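# Structure assessment
Listed below are the residues making up each chain.
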Amino acid sequence: MAECTCEIVLAEKPAARARELWKHTTVRRHVHPTLRSLLGEMAAGRERCMYCGDNQGTDIDHFDPIDRDPMRAFDWTNHVLACSLCNSHLKKAVFPLDPCGKPLLIDPTAEDPTPHLRLVLAVGQYHPLTPRGRATIDLFDLNRGLLAKGRVHAYHVTKACVAQWATATAKGDHDDAAHWAEVVNEQPIADVVQAMLHQALDPAAEIVFDDDPQLLLHLREPGLRTALLLR
């Protein structure tokens with residue numbers, strides 16, 4: 001990795017050399033599998049895309065594109081596990097900046113998105129809280145119909161699993177409780193679960209969960225929050 005970066009620094013055309021090295025057979029054979037495995041461990045669910053959370057992460061995306069900063073082509077902190085839709089069709093080499101030149105996109109490997117966007121659980125759509133939230137929603141089309149519908153379904157599945165977890169826990173059946181927590185943790189669109197856990201502690205939580213007050217009580221239980229891998 002360090003050797004590749006040195007070559008890029010010395011190259012007449014750094015971006016072109018960075019792309020060439022990144023696609024080189026030897027690099028793909030030795031670097032990509034290890035990097036993808038590490039990103040897969042970081043990703044929620046079963047190696048889901050870190051941008052949309054719905055599709056399987058098949059690509060390694062450079063968060064800060066190679067053309068903009070070729071020196072970060074082999075920077076471990078600049079890699080994101082992404083699906084082909086988010087990586088190749090939506091983001092591509094786009095990297096919006098604010099007037100001060102700072103990135104507008106939320107880095108899913110390093111930042112908590114909750115200050116920037118809020119998921120409305122009932123409809124499965126994101127509401128931007130900051131310009132960065134707006135830019136991220138727009139670029140990845142996070143409120144497109146299929147994603148919103150999937151989040152609503154994930155919300156109902158999670159509610160059912162949480163009820164099963166609570167029943168098993170009350171009976172002292174820890175194996176069964178662990179099973180239901182695992183079902184939740186491995187489902188796609190893990191941002192729904194995280195939103196539920198975060199919003200359960202909001203001052204307005206009683207309003208958000210007014211249709212299921214028992215669910216709210218469960219979501220506030222430390223045992224469940226630990227089991228559902230709250231980040």
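See the structure shown above.
Below is a short write-up of the structure. What you see is a predicted model; the values in this text were computed from it and never measured.

### Looking at a nonpolar patch on the surface
A surface patch of nonpolar side chains, about 310 Å² in accessible area, is lined by Val9, Leu10 and Met71. Structurally, the position occupied by leucine 10 is in helix α1 (residues 2-10).

### Side note on the nonpolar core
Nonpolar side chains in soluble globular proteins generally cluster together in the buried interior. If you look at the biggest cluster of nonpolar residues, it comprises 58 residues, and the most contacted ones within it are Tyr51, Leu121, Val192, Phe209 and Leu219. Tallying contributions element by element places helix α7 (residues 145-171) first for this core, with eight residues. Once residues lying within four places of it in the same chain are set aside, the contact partners of phenylalanine 209 are Leu121, Tyr155, Met196, Gln199, Ala200, Leu215, Leu216 and Leu219.

### A short note on unusual backbone geometry
If you check the backbone angles, lysine 92 has positive phi at about 50° while not being a glycine. Within the secondary structure layout, lysine 92 lies in the loop between α5 (84-91) and β3 (117-120). For lysine 92, a relative accessible area of 52% gives the class exposed. Positioned with a positive phi, isoleucine 189 is a non-glycine residue whose angle comes to about 55°. Here isoleucine 189 is to be found in the loop between α8 (174-185) and α9 (191-199).

### Digging into the packing of α7 against α8
Orientation of α7 relative to α8, taken along the N-to-C sense of each, is 165°, at an axis distance of 8 Å. Comparing their axes, α8 and α7 come out roughly antiparallel. In this structure, α7 meets α8 at a crossing whose hand is left-handed. Only Asp176, Ala177, Trp180, Ala181, Val183 and Val184 of α8 make contact with α7, whose side of the interface consists of Thr158, Cys161, Gln164, Trp165, Ala168 and Thr169.

### Regarding helix α4 (residues 32-42)
Within the sequence span of α4, burial applies to His32, Leu35, Leu39 and Gly40. Along the axis of α4, the buried residues cluster in a sector spanning 140°; they form a single face.

Rules behind the numbers
- Residues numbered from 1 in each chain as written.
- Predicted model: local features only at pLDDT ≥ 70, side-chain atom pairs only at ≥ 80, totals over all residues.
- Heavy atoms only, no water.
- Patch = residues over 30% accessible without salt bridge, like charges linked within 9 Å, V, L, I, M, F, W, Y side chains within 5 Å.
- Areas by Shrake-Rupley, 256 points an atom, 1.4 Å probe, with all protein chains shown as cover.
- Salt bridge = Lys/Arg side-chain N within 4 Å of Asp/Glu carboxyl O.
- Helix = DSSP H or I, 4+ residues; strand = E, 2+ residues; numbered from the N terminus.
- Core = buried A, V, L, I, M, F, W, Y, C linked by side-chain atoms within 4.5 Å.
- Buried < 20%, exposed > 50% of the residue type's maximum accessible area, 1.4 Å probe, protein only.
- Contact = heavy atoms within 4.5 Å.
- Axes fitted to C-alpha atoms, helices over the stretch in contact; angles between N-to-C directions.
- Parallel < 35°, antiparallel > 145°, perpendicular 65-115°, else oblique.
- Left-handed = near helix turned anticlockwise from the far one by under 90°.
- Arc of directions from axis to C-beta.

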